[in-house]
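So the chains spell out like this:
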Amino acid sequence: MTSGAPYENEPVYQNAVKQLKEAAALLGLPDDVVEVLRHPERVLQVKIPVRLDNGKIAVFIGWRSQHNSALGPYKGGIRYHPNVTIGEVVTLSMWMTWKNALAGIPYGGGKGGIKVDPKKLSPRELEELSRKYFAAIADIVGEDIDIPAPDVYTNPQIMAWFFDEYSKIKRYPAWGVVTAKPPIIGGLRPREVSTGYGTALVAREAAKLALGGFEGKTVAIQGFGNCGRYAALYSVKWGAKVVAVSDSKGGIYDPNGLDVEKLFEVKDKTGSVINYPGAKRITNEELLELDVDILMPAALENVITEKNAPNIKAKIISECANGPTTPEADHILHQKGVIVIPDILANAGGVMMSWIEWSHNRMGCWLTDEEALDRLDKKMTHNFHEVYNEWQKKYSDHPMRAAAYAIAVDRVVRAMKLRGWI
Ligand code: GLU
């Protein structure tokens, strides 16, 4: 029976519910508990009228979804993208609940989004949009309530505007209300690299177990935003060879390996990796099917589906993006023997570093960059092996995601039981 909730018919949400139901079946959870878990606790929709530079007013719609708070305040990013929908935001908030539970950090799950193409706005328009959005959701966020961070097409500058707007409304400097702030106003420098660092780290650990090592292994990365670019950097640092990368304009391939520092330069100067000289041009779809050892989808949802999964040649997939693999594709890849390190494990480095930042904001003290990165490294390595071992021990007939979900959902359910919610 449908509940009539506006996100319910969106395919991205339905995929998330499928994943939840698979975990529930493994854990033997009754249907009523699944029903409780599949809905967010609260979703706020806001109108954001922005005075454009040409004098006209444009109205944008934004959301903040608070999925579950059994383990702590809601935590998760805010994305700006022309295709954002309520269903996507709700789904992403549910994935944050599992990600934070699996990470072992004291947070529930939340996510926000505005349906906007930020590339079409001037810096002043972007600032007005950001400040008005945060003012509109100010009543439901807070250091102990809901703590946003960046996601697709949002960045530390936008976090600085959020922090400032909220601090003005509340009339005190609310350091802990957002994370991934610029370092001068309460951020931690390694937050910038942390998501990609974690994705490369778990790929490295998996390669040690399944491919006899990470060194010399070939890597293809779809997406060259915050996660993709640092996943590339650390893959190379730890001895692998990045042979293909892409962004929304297309991809490039060089079997001899790409120069990652040069890629950063080309991307920052020209706006796209496709302007990197001397590599073969490929499409985003072709990149996914390249003959490489390791694939890192680092863009958007649903790019690996039942259509292209049979053609994927990588032996390890480390999910930098949220939700890049559909449940059907996950099973096809598992049958083929591909290890898919699920997003809620592989891209948790960002939110883990957010937690380190937030806890230090609350204490009024600072870690050095080395200490922060060292903590992340130890925690990510530990979490990867915890999930991998549980998978091998109990759930090896299923994709690795099943083990990650079973651990995460079980933690949330236990907290809800203890609190008397179910
Ligand atoms: N948006 C990121 C994610 O999907 C980071 C969230 C955070 O740091 O709160 O995990």
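In what follows, the structure referred to is the one given above.
Predicted model only: the values in this text are computed from it and were never measured. (Residues numbered from 1 in each chain as written. Predicted model: local features only at pLDDT ≥ 70, side-chain atom pairs only at ≥ 80, totals over all residues. Heavy atoms only, no water.)

Colleague: Pulling in residues and values, what's your account of the site of the ligand?
Modeller: As a structural note, the neighbourhood of the ligand is formed by 14 residues, with Lys75, Lys99, Pro150, Asp151 and Ser354 the closest of them. Side-chain polar atom of lysine 75 to an oxygen atom of the ligand: 2.7 Å apart, as the coordinates give it. Protein coverage of the free-state accessible area of the ligand, which is 300 Å², stands at 95%. For the shell around the ligand, the secondary structure elements donating two or more residues are strand E3 (74-81), helix H3 (86-103), strand E5 (146-150) and helix H12 (349-363). Considered class by class, the residues forming the shell around the ligand number four nonpolar, five polar and five charged. (Near = heavy atom within 4 Å. Polar contact = N/O pair within 3.5 Å; in protein donor to acceptor, adjacent residues only side chain to side chain. Areas by Shrake-Rupley, 256 points an atom, 1.4 Å probe, with all protein chains shown as cover. Helix = DSSP H or I, 4+ residues; strand = E, 2+ residues; numbered from the N terminus. Nonpolar A, V, L, I, M, F, W, Y, C, P; charged D, E, K, R; others polar.)

Colleague: Could you give me a rundown of the pairing of strand E8 (residues 250-253), with the residues and numbers involved?
Modeller: What you see with E8 is no split at all: Gly250 and Ile252 on one side and Gly251 and Tyr253 on the other are buried throughout. As paired strands, strand E7 (residues 241-247) and E8 are joined by four bridges and run antiparallel to one another. The residue of E8 that forms the bridge with aspartate 247 is glycine 250. Turn length for the E7-E8 hairpin, with the two strands adjacent in sequence and antiparallel, is two residues. Where E8 lies against strand E9 (residues 280-282), three bridges are found, and the strand directions are antiparallel. For glycine 251, the partnering residue across the bridge sits in E9 and is isoleucine 282. (Buried < 20%, exposed > 50% of the residue type's maximum accessible area, 1.4 Å probe, protein only. Pairing = 2+ DSSP bridges.)

Colleague: So what's going on with the nonpolar core? Which residues, and what values?
Modeller: Leu37, Trp98, Ile221, Val245, Ile341, Met400 and Val409 are the most contacted members of the largest nonpolar core, which has 100 residues in total. Here the element with the most residues in this core is helix H14 (residues 400-418); it accounts for 12 residues. When near neighbours in sequence (up to four residues on either side) are disregarded, leucine 37 contacts Leu20, Leu29, His67, Asn68, Trp98, Val409, Val412, Val413 and Met416. Counting residues in hydrophobic clusters, the runner-up holds 28 residues, among them Val46, Leu52, Ile114 and Val116. (Core = buried A, V, L, I, M, F, W, Y, C linked by side-chain atoms within 4.5 Å. Contact = heavy atoms within 4.5 Å.)

Colleague: Would you mind going over the sheet that holds strand E4 (residues 108-115) in detail, with residue names and values included?
Modeller: In a beta sheet, neighbouring strands pair by backbone hydrogen bonds and run either parallel or antiparallel. The five strands lie next to each other as E1-E2-E4-E3-E5, forming an open sheet whose pairing is mixed. Both outer strands of the open sheet, strand E1 (42-51) and E5, are each paired with one neighbouring strand and no more. Looking at each pair of strands side by side, their axes are set apart by 20 degrees on average, direction ignored. The pairing of E1 with strand E2 (residues 57-68) spans 10 bridges and is antiparallel. Its bridge partner being in E2, valine 43 is matched across the sheet by serine 65. (Axes fitted to C-alpha atoms, helices over the stretch in contact; angles between N-to-C directions.)

Colleague: Can you tell me about the sheet that holds strand E6 (residues 218-222), naming the residues and giving the values?
Modeller: Pairing is mixed in the open sheet, where seven strands are placed in the order E9-E8-E7-E6-E10-E11-E12. A single partner strand is all that each edge strand has here, and the edge strands are E9 and strand E12 (339-341). Pairs of neighbouring strands in the sheet enclose a mean axial angle of 20 degrees, with direction left out of account. The pairing of E6 with E7 spans five bridges and is parallel. The partner of threonine 218 across the bridge, within E7, is lysine 241.

Colleague: Break down the packing of helix H7 (residues 226-237) against helix H8 (residues 260-270) for me, citing the residues and quoting the values.
Modeller: Contact geometry of H7 with H8 gives a least axis separation of 10 Å together with a crossing angle of 160 degrees. What the angle tells us is that H7 and H8 run roughly antiparallel. Viewed along their axes, H7 and H8 form a crossing whose handedness is left-handed. The segment H7 lies against H8, with Arg229, Tyr230, Ala232, Leu233 and Val236 engaging Val260, Phe264, Lys267 and Asp268. (Parallel < 35°, antiparallel > 145°, perpendicular 65-115°, else oblique. Left-handed = near helix turned anticlockwise from the far one by under 90°.)

Colleague: How would you summarise the packing of helix H1 (residues 11-27) against helix H2 (residues 31-38) if you had to cite specific residues and measurements?
Modeller: In contact at an axis separation of 11 Å, H1 and H2 are set at 145 degrees when each is read in the N-to-C sense. By crossing handedness, the relation of H1 to H2 is classed as right-handed. Facing H1, whose interface residues are Tyr13, Val17, Leu20, Lys21 and Ala24, H2 presents Val34, Leu37 and Arg38.

Colleague: For the state of the cysteines, give the residues involved together with the corresponding values.
Modeller: Tallying each qualifying case throughout the model produces one disulfide. With its sulfur 1.6 Å from that of its partner, cysteine 227 forms a disulfide with cysteine 320. Its S-S torsion of approximately -80 degrees makes the covalent link between cysteine 227 and cysteine 320 left-handed. You can see cysteine 227 sitting in helix H7 and its partner cysteine 320 sitting in the loop between strand E11 (316-318) and helix H10 (327-335), a full 93 residues away along the chain. Taken as a pair, cysteine 227 and cysteine 320 share a single burial class, namely buried. (Disulfide = S-S within 2.5 Å.)

Colleague: Please give an account of the packing of aromatic side chains that cites residues and values.
Modeller: The full count for this structure, using the stated rule, is 14 aromatic pairs. The interplanar angle of 80 degrees and the centroid separation of 5.6 Å between the aromatic rings of tyrosine 388 and tryptophan 391 together place this pair among those described as edge-to-face. Placement of both tyrosine 388 and tryptophan 391 in helix H13 (residues 369-394) is noted, with a separation of three residues, approximately one turn of the helix. Look at tyrosine 388 and you get buried, because its relative accessible area is 13%. Judged by its relative accessible area of 7%, tryptophan 391 is buried. Three or more aromatic residues joined by ring pairs form one cluster here, namely Tyr133, Phe134, Phe162 and Tyr166. Between the NZ or CZ atom of arginine 204 and the centre of the ring of tryptophan 238, over which it lies, the distance is 4.4 Å. If you follow arginine 229 out to its NZ or CZ, it ends over the ring of phenylalanine 264, 4.7 Å from the centre. (Phe/Tyr/Trp six-rings, centres within 6.5 Å; stacked < 30°, edge-to-face > 60°. Lys NZ or Arg CZ within 6 Å of the ring centre and 35° of its normal.)

Colleague: An account of the environment of glutamate 125 is needed here, citing residue identities and associated values.
Modeller: Counting through the fold element by element, glutamate 125 comes out in helix H4 (residues 123-137). A relative accessible area of 7% places glutamate 125 in the buried class. Each C-alpha atom, one on glutamate 125 and one on tyrosine 13, is 31 Å from the other, the two residues being 112 residues apart in sequence. Those residues in contact with glutamate 125 that lie beyond four places of it in its chain are Val50, Arg51, Leu52, Asp53 and Lys120.

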